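Below, each chain spelled out in residue letters.
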Amino acid sequence: MSHPVPSWASLRQSERLAGTPVVRRDDHWWLVSPTGAMLTSDPGFTSELDGYAADLAAANRAVAELQAERKARR
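Here's what I pulled together on the structure shown here. (Residues numbered from 1 in each chain as written. Predicted model: local features only at pLDDT ≥ 70, side-chain atom pairs only at ≥ 80, totals over all residues. Heavy atoms only, no water.)

Time to look at the overall build of the protein chain. The helix and strand tally for the protein chain stands at one helix and three strands. Seen in sequence order, the protein chain has helices and strands lined up from the N terminus as β-β-β-α. Looking at the protein chain as a whole, 22% of its 74 residues qualify as buried. Taking contacts inside the protein chain between residues at least 6 apart in sequence as the whole, the part at least 24 apart equals 37%. Here the protein chain has roughly 5600 Å² of accessible surface; of this, 55% comes from carbon and sulfur atoms. (Helix = DSSP H or I, 4+ residues; strand = E, 2+ residues; numbered from the N terminus. Buried < 20%, exposed > 50% of the residue type's maximum accessible area, 1.4 Å probe, protein only. Contact = heavy atoms within 4.5 Å. Areas by Shrake-Rupley, 256 points an atom, 1.4 Å probe, with all protein chains shown as cover.)

A few words now on helix α1 (residues 43-73). Over its 31 residues, α1 runs 45 Å from end to end, which matches the ideal 45 Å to within 8%, given 1.5 Å per residue. Regarding α1, its N-cap is Asp-42, as a side-chain oxygen of that residue lies 3.1 Å from the backbone nitrogen of Gly-44 further along. (Expected span 1.5 Å × (residues − 1). Polar contact = N/O pair within 3.5 Å; in protein donor to acceptor, adjacent residues only side chain to side chain.)

Let us look at the environment of Pro-21. As for its placement among the helices and strands, Pro-21 is situated in the segment before β1 (22-25). Look at Pro-21 and you get partly exposed, because its relative accessible area is 45%. Along the chain, Pro-21 and Pro-34 lie 13 residues apart, while their C-alpha atoms are 9.8 Å from each other. Excluding anything up to four places from it in sequence, Pro-21 contacts Arg-16, Trp-30, Leu-31 and Val-32.

Let us now look at the sheet that holds strand β2 (residues 28-33). Strands sit in the order β1-β2-β3 across an open sheet of three strands; the sheet is antiparallel. Of all strands in the sheet, those bounded by a partner on one side alone are β1 and β3 (36-39). Put simply, the sheet's adjacent strands are angled 35 degrees from each other on average, direction ignored. Sheet topology places β1 next to β2; four bridges connect them, and they run antiparallel. Across the sheet, residue Val-22 finds its bridge partner in β2, namely Leu-31. (Pairing = 2+ DSSP bridges. Axes fitted to C-alpha atoms, helices over the stretch in contact; angles between N-to-C directions.)

Glancing now at the pattern of salt bridges. Counted under the stated rule, the structure contains three salt bridges. Between Arg-24 and Asp-50 there is a salt bridge, with the nearest N and O atoms lying 3.0 Å from each other. In this pair, Arg-24 sits in strand β1 while Asp-50 sits in helix α1, placing the two residues 26 residues apart along the sequence. With relative accessibility at 35%, the residue Asp-50 sits in the partly exposed group. (Salt bridge = Lys/Arg side-chain N within 4 Å of Asp/Glu carboxyl O.)

Below, the structure written as structure tokens:
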């Protein structure tokens, strides 16, 4: 069932999880589209989203460290 569009539903692409229509707000995952938003409640799905977000954050940190090392060598 769709919920009313939250005030934050018009998100920039950079605020979404890796460009997907998924966003985490107030410890809840939401699927967001221009026509509405749906709170995700399936524990298996939200667990996968948590793991994906954690892996993506770790990858971003690793890339930032590599870039910092490369810059320091110059």
